[in-house]
Amino acid sequence: YELYARQWTRVFPRFLPKERGAAILDVGCGAGHCLYALHKLGYANARGIDQSEGMLRKTRQMGVTQVECANMFEYLPAHPGTFDVIISNDVIEHLYKDEVFQYLDAIRTALKPGGTCIIRTNNCGTALASRLRYIDFTHETGFTEIALVAVLETAGFEDPVVYGLGPVAHDLLSFLRVCLWYIFRSGLVLFYKVQIGFGRGKVIKQKLVFEPMMFAVARRPSGGQ
């Protein structure tokens, strides 16, 4: 939990509201790692839903009690315009393609106009794509950074941007890991440019992501659509 919280404090605060009383929902919160990090950052109004009561018991044991057992396809439409931020960690890849759009529509409905969604998933555009796609039998849909932007735009979100979620240094060993990752990543970038041509990548709006995990940030239009 502490390691996860360290990563969150390094990566995600710039995407969160400055107001610590903001209404934040973690969909599919599991054992509450994200909620634990949010509460450590001072977001006392962060809550979560999950369909596993066993997972939620672990969350409550960590002192995060604002959780409930609920089906996301029922809960989100029942709370229209409620949340400033909705976070979805490792959920969307478990959905069928038609469910992906149903899920994103439900998230957009539950957000306040101008609210933000943060969606984390594995990146099927990396050197580990096959392993990430098939390591879990329950994975149904794989995404690259470009595909994730496309589905968010189709679902009516504004300004979607995808970021790579790489290793974070918190001690000497993890610092060495970060250094090795950036060396490896440079090789991947060069390989990709050689493969597609050095000029063709400029036509792609979304910056290419080479990290095995990625997250998208997008907004519900302020007009409330």
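Note that the structure is a prediction, hence the values are computed from the model and not measured.

Asks: Even after reading the chapter, I still don't get the overall build of the protein, so can you show me in this structure?
Replies: Scanning the protein from terminus to terminus reveals eight helices and seven strands. Here the C-alpha radius of gyration of the protein, 18 Å, is about what a compact globule of 225 residues would show, namely 17 Å. For the protein, the spread of C-alpha atoms along the principal axes amounts to about 50 × 45 × 35 Å. By the burial criterion, 46% of the 225 residues in the protein qualify as buried. Of all intrachain contacts in the protein linking residues separated by at least 6 positions in sequence, the fraction that spans at least 24 positions is 72%. Total accessible area on the protein is roughly 11600 Å²; 57% of this is exposed by carbon and sulfur atoms. Of the side chains in the protein, 25 bear a positive and 21 a negative charge, and the two mean positions are spaced by 8 Å.

Asks: Looking at this structure, I do not really get the packing of aromatic side chains. What am I missing?
Replies: The geometry of an aromatic ring pair comes down to the distance between the two centres and the angle between the two planes. On inspection of all chains with the given rule, the structure shows seven aromatic pairs. Between Tyr 1 and Tyr 36 the ring centres are 5.5 Å apart and the planes differ by 75°, which places this aromatic pair in the edge-to-face class. Of this pair, Tyr 1 sits in the segment before helix 1 (2-11) while Tyr 36 sits in helix 2 (residues 33-40), and the two are 35 residues apart along the sequence. Tyr 1 gets classed as partly exposed once you look at its relative accessible area, which sits at 26%.

Asks: Can you help me understand the confidence of the model for the protein in this one?
Replies: Atomic detail in the predicted coordinates should be set aside for any region of low pLDDT. Mean pLDDT over the protein stands at 89; residues scoring 70 or higher make up 94%. Looking at the elements of the protein, mean pLDDT is at its lowest for helix 8 (residues 172-196), recorded as 78, and at its highest for strand 1 (residues 24-27), recorded as 98.

Asks: For this particular structure, what's the right way to read the pattern of salt bridges?
Replies: Pairing between side chains becomes possible if they bear opposite charge and their charged atoms approach one another. Applying the stated rule across the entire model yields seven salt bridges. Arg 60 is paired through a salt bridge with Glu 53; the nearest N and O atoms lie 2.7 Å apart. Residue classification places Glu 53 among the partly exposed residues on the basis of a relative accessible area of 33%. Asp 90 is the salt-bridge partner of Arg 120, the closest N and O atoms lying 2.3 Å from each other. Taken together, the positions of Arg 120 in strand 5 (residues 111-122) and Asp 90 in the loop between strand 4 (83-89) and helix 5 (97-110) put the pair 30 residues apart, joining distant regions of the chain. Among the charged side chains, a salt-bridge network with shared partners connects Glu 158, Asp 159 and Arg 219.

Asks: How do you make sense of the sheet that holds strand 3 (residues 67-69) when you look at a structure like this?
Replies: Strands sit in the order 3-2-1-4-5-7-6 across an open sheet of seven strands; the sheet is mixed. The sheet terminates laterally at strand 3 and strand 6 (158-164), the two strands that pair on one side only. Taken pair by pair, the neighbouring strands of this sheet meet at an average axis angle of 15°, ignoring direction. Alignment of strand 5 against strand 7 (residues 213-219), held across seven bridges, turns out to be antiparallel. If you follow Thr 116 over to strand 7, its bridge partner there is Arg 219.

Asks: Help me out: how do you make sense of a nonpolar patch on the surface in this one?
Replies: Residues Leu 172, Leu 173, Phe 175 and Leu 176 make up a contiguous nonpolar surface patch of roughly 460 Å² in combined accessible area. For Leu 172, a relative accessible area of 64% corresponds to the exposed category.

Asks: In this structure, what is going on with the packing of helix 1 against helix 2? I would like to understand it.
Replies: Two quantities define a packed helix pair, namely the angle between the helix axes and the distance between the axes. One way to put it is that helix 1 packs onto helix 2 with a least axis distance of 9 Å and a crossing angle of 60°. By the criterion of interaxial angle, the relationship of helix 1 to helix 2 is oblique. Considering how the two elements wind past one another, helix 1 and helix 2 form a crossing that is right-handed. Counted together, Glu 2, Tyr 4, Ala 5 and Trp 8 of helix 1 and His 33, Cys 34, Tyr 36, Ala 37, Leu 38 and Lys 40 of helix 2 form the full contact between these two elements. When its residues are assigned to classes, the contact of helix 1 with helix 2 shows seven nonpolar, one polar and two charged.

Asks: Could you clarify how one ought to interpret the nonpolar core in this entry?
Replies: Generally speaking, a soluble globular protein has its nonpolar side chains buried in company with each other. Core analysis: the biggest nonpolar cluster contains 34 residues, and Leu 76 and Leu 104 have the highest contact counts within it. Where this core is concerned, the elements lending two or more residues are strand 1, helix 4 (72-75), strand 4, helix 5, strand 5, helix 7 (145-154) and strand 7. In contact with Leu 76, not counting residues within four places along its chain, are Leu 25, Val 27, Ile 86, Tyr 103, Ala 106, Ile 107 and Ala 110. Core analysis: the second largest hydrophobic core is formed by 28 residues, Ala 22, Ile 24, Leu 35 and Val 217 among them.

Asks: Looking at this model, I keep getting lost on the pairing of strand 4. Mind explaining?
Replies: Working note: regular strand, side chains alternate between the two faces of the sheet. Across the seven residues that make up strand 4, a large majority, six, are buried. Pairing analysis gives six bridges linking strand 4 to strand 5, with the strands arranged parallel. Residue Ile 86 lies in a different strand from strand 5, and its bridge partner there is Cys 117. Considered for its hand, the β-α-β crossover made up of strand 4, helix 5 and strand 5 is right-handed.

Parameters at a glance
Residues numbered from 1 in each chain as written. Predicted model: local features only at pLDDT ≥ 70, side-chain atom pairs only at ≥ 80, totals over all residues. Heavy atoms only, no water. Helix = DSSP H or I, 4+ residues; strand = E, 2+ residues; numbered from the N terminus. Rg over C-alpha atoms; globule rule 2.2 N^0.38 Å. Buried < 20%, exposed > 50% of the residue type's maximum accessible area, 1.4 Å probe, protein only. Contact = heavy atoms within 4.5 Å. Areas by Shrake-Rupley, 256 points an atom, 1.4 Å probe, with all protein chains shown as cover. Lys, Arg positive; Asp, Glu negative; His and termini not counted. Charge placed at Lys NZ, Arg CZ, Asp CG, Glu CD. Phe/Tyr/Trp six-rings, centres within 6.5 Å; stacked < 30°, edge-to-face > 60°. pLDDT = per-residue confidence, 0-100. Salt bridge = Lys/Arg side-chain N within 4 Å of Asp/Glu carboxyl O. Pairing = 2+ DSSP bridges. Axes fitted to C-alpha atoms, helices over the stretch in contact; angles between N-to-C directions. Patch = residues over 30% accessible without salt bridge, like charges linked within 9 Å, V, L, I, M, F, W, Y side chains within 5 Å. Parallel < 35°, antiparallel > 145°, perpendicular 65-115°, else oblique. Left-handed = near helix turned anticlockwise from the far one by under 90°. Nonpolar A, V, L, I, M, F, W, Y, C, P; charged D, E, K, R; others polar. Core = buried A, V, L, I, M, F, W, Y, C linked by side-chain atoms within 4.5 Å. Right-handed = clockwise from strand over helix to strand, strands pointing away.

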